[in-house]
Amino acid sequence: MTKVDLHLHSNYSDGSESVQELVNTVKNNGIKIFALTDHDTVIGCSEVYKYLPKDTTFIPGVELTCETEDIKCHILGYNCDTKNEKLLSLIEKGKKLRRIKLDTRIKFLKDKWGIELTQNELDWLYSRKSVVKTHIANILVNRNLATDNVSAMDKYLEGCECGKTKFEIQEAINVILSSGAIPVWAHPLGGEGEKHVSQDEFKQQLKKMINYGIEGLECYYSRYNLKEIDFLIEQAKLNNLLISGGSDYHGTNKSVQIKCLNSLNIDVECNKLTILEKIKPIS
């Protein structure tokens, strides 16, 4: 069975590995189909082709950070046209929103903790295509203010109110669809470091997410146990949604290991409709 991982991050967002390093990691783990899904940017996707092994299939993707009313979520867009004007316009809007969030967090560090970043640290943060909490946390770890970036975020950035700096869910899904991509709800029971929602909470949110236009669920996820995976697969089948999965690999920035998912291959006996049946990957 072909090994698959459809949720990977490079250092164009909050992963630790360059695109070249990430492709090498994919190759070394025997993965033959993969997607790059950086947060709110697609710039790394075009770079993948420079290093892509001939026997490996690449799916260009993106992960958009969203919030509407009582739902905070990430939406994955698979097989997107990375030159689509609406997608690039939304990403540019996202850069401005992230800049507001970054400014707020830098001020929070100074006002609450008396921590002032150096000019070199500020220059590095502002030069990034997609800056997130992990980048600030890594600076704090380098200063020996925390042992790892998770504890750094929990201690120094918890309680920082950044205002509305996320995309509207409907807006994000509409743009993903306009770029020719498939919108998939990422880690729908809760992501890395997040509280997992109950099955009842998920079902309530799922109704809204279907109305917004999602076409798939990330059922296979590195932080989910077999019971949670089976539940999500059942919900996907009940609601005619595509089944997707991936590790959410960030290199050394998270403890998540790259995932070799055999399960995403077509399983005729169980009649599972996986995202690989609909995507026309680029070899």
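Above this note sits the structure.
Residues numbered from 1 in each chain as written. Predicted model: local features only at pLDDT ≥ 70, side-chain atom pairs only at ≥ 80, totals over all residues. Heavy atoms only, no water.

> Summarise the overall build of the protein chain; cite the residues concerned and give the values.
Per the secondary structure count, the protein chain includes nine helices and seven strands. Computed over the C-alpha atoms, the radius of gyration of the protein chain is 18 Å, within 12% of the 19 Å expected from 2.2 N^0.38 for a compact globule of 283 residues. Reported as C-alpha extents along the three principal axes, the dimensions of the protein chain are approximately 60 × 45 × 35 Å. Scored against the burial criterion, the 283 residues of the protein chain give a buried share of 54%. Sequence-distant contacts in the protein chain: of pairs separated by 6 or more residues, those separated by 24 or more amount to 72%. As displayed, the protein chain offers around 13500 Å² of accessible surface, 47% of which is attributable to carbon and sulfur atoms. Put simply, the protein chain has 37 plus and 39 minus side-chain charges, and the middle of one group is 2 Å from the middle of the other. (Helix = DSSP H or I, 4+ residues; strand = E, 2+ residues; numbered from the N terminus. Rg over C-alpha atoms; globule rule 2.2 N^0.38 Å. Buried < 20%, exposed > 50% of the residue type's maximum accessible area, 1.4 Å probe, protein only. Contact = heavy atoms within 4.5 Å. Areas by Shrake-Rupley, 256 points an atom, 1.4 Å probe, with all protein chains shown as cover. Lys, Arg positive; Asp, Glu negative; His and termini not counted. Charge placed at Lys NZ, Arg CZ, Asp CG, Glu CD.)

> Got a sec to walk through the pairing of strand 7 (residues 242–246)? Specific residues and values, please.
Most of strand 7 is tucked away: five of the five residues are buried. Residues of strand 7 alternate between two faces, with Leu242, Ser244 and Gly246 on one and Ile243 and Gly245 on the opposite face, all of them buried. Pairing between strand 6 (residues 216–221) and strand 7: five bridges, direction parallel. Looking at the pairing, Glu218 lines up with Ser244 of strand 7. Since strand 6 and strand 7 lie parallel, the crossover through helix 9 (residues 226–238) that links them has a hand, and here it is right-handed. (Pairing = 2+ DSSP bridges. Right-handed = clockwise from strand over helix to strand, strands pointing away.)

> So what about the pattern of salt bridges? Which residues, and what values?
Applying the stated criterion across every chain yields a total of ten salt bridges. Between Lys208 and Asp70 there is a salt bridge, and its shortest N-O distance comes to 3.2 Å. One end of the pair, Lys208, is in helix 8 (residues 199–212); the other, Asp70, is in the loop between strand 3 (57–68) and strand 4 (71–78), with 138 residues separating them in the sequence. Overall, the relative accessible area of 34% leaves Lys208 in the partly exposed class. In this structure, Glu92 and Lys95 form a salt bridge, with 3.8 Å as the shortest nitrogen-oxygen distance. Of this pair, Glu92 and Lys95 both sit in helix 3 (residues 85–113), three residues apart, which is roughly one turn of the helix. On the basis of relative accessibility, which here comes to 38%, the residue Glu92 falls in the partly exposed class. Take Lys95: its relative accessible area is 36%, and that puts it in the partly exposed class. (Salt bridge = Lys/Arg side-chain N within 4 Å of Asp/Glu carboxyl O.)

> Tell me what's going on with the nonpolar core, and back it up with residues and numbers.
Met209, Ile214 and Leu217 are the most contacted members of the largest nonpolar core, which totals 38 residues. For this core, the secondary structure elements donating two or more residues are strand 3, strand 4, helix 3, helix 7 (169–178), helix 8, strand 6 and helix 9. Residues in contact with Leu217, not counting those within four places in the same chain, are Val184, Trp185, Pro188, Phe202, Leu206, Leu232, Gln235, Ala236, Leu241, Leu242, Ile243 and Ser244. Membership of the second largest hydrophobic core comes to 18 residues, among which are Leu117, Val131, Ile139 and Leu157. (Core = buried A, V, L, I, M, F, W, Y, C linked by side-chain atoms within 4.5 Å.)

> Explain the sheet that holds strand 2 (residues 33–36) residue by residue, including any values.
Taken together, the seven strands give an open sheet; going across it, the order is 1-2-3-4-5-6-7, and neighbouring strands pair in mixed fashion. Each having just a single partner strand, strand 1 (4–8) and strand 7 make up the two edges of the open sheet. Taken pair by pair, the neighbouring strands of this sheet meet at an average axis angle of 35 degrees, ignoring direction. Across two bridges, strand 5 (residues 182–185) lies against strand 6 in parallel orientation. Bridging across to strand 6, Trp185 finds its partner in Leu217. (Axes fitted to C-alpha atoms, helices over the stretch in contact; angles between N-to-C directions.)

> Tell me about the state of the cysteines, and name the residues and values.
Applying the stated criterion to the full structure yields zero disulfides. Free cysteine: Cys73, not disulfide-bonded; nearest cysteine sulfur from Cys66 at 4.9 Å. Free of any disulfide, Cys80 has its nearest cysteine sulfur in Cys45, 5.6 Å distant. (Disulfide = S-S within 2.5 Å.)

> Help me get a handle on helix 5 (residues 133–142), residues and values and all.
Among the ten residues of helix 5, eight are classified as buried, and the element is accordingly described as predominantly covered. Along helix 5, the residues classified as buried are Thr134, His135, Ile136, Ala137, Asn138, Ile139, Leu140 and Val141. Elements that come into contact with the buried residues of helix 5 comprise helix 3, helix 4 (119–126) and helix 6 (149–156). A positive backbone phi angle near 65 degrees is found at Asn144, which sits one or two residues after helix 5.

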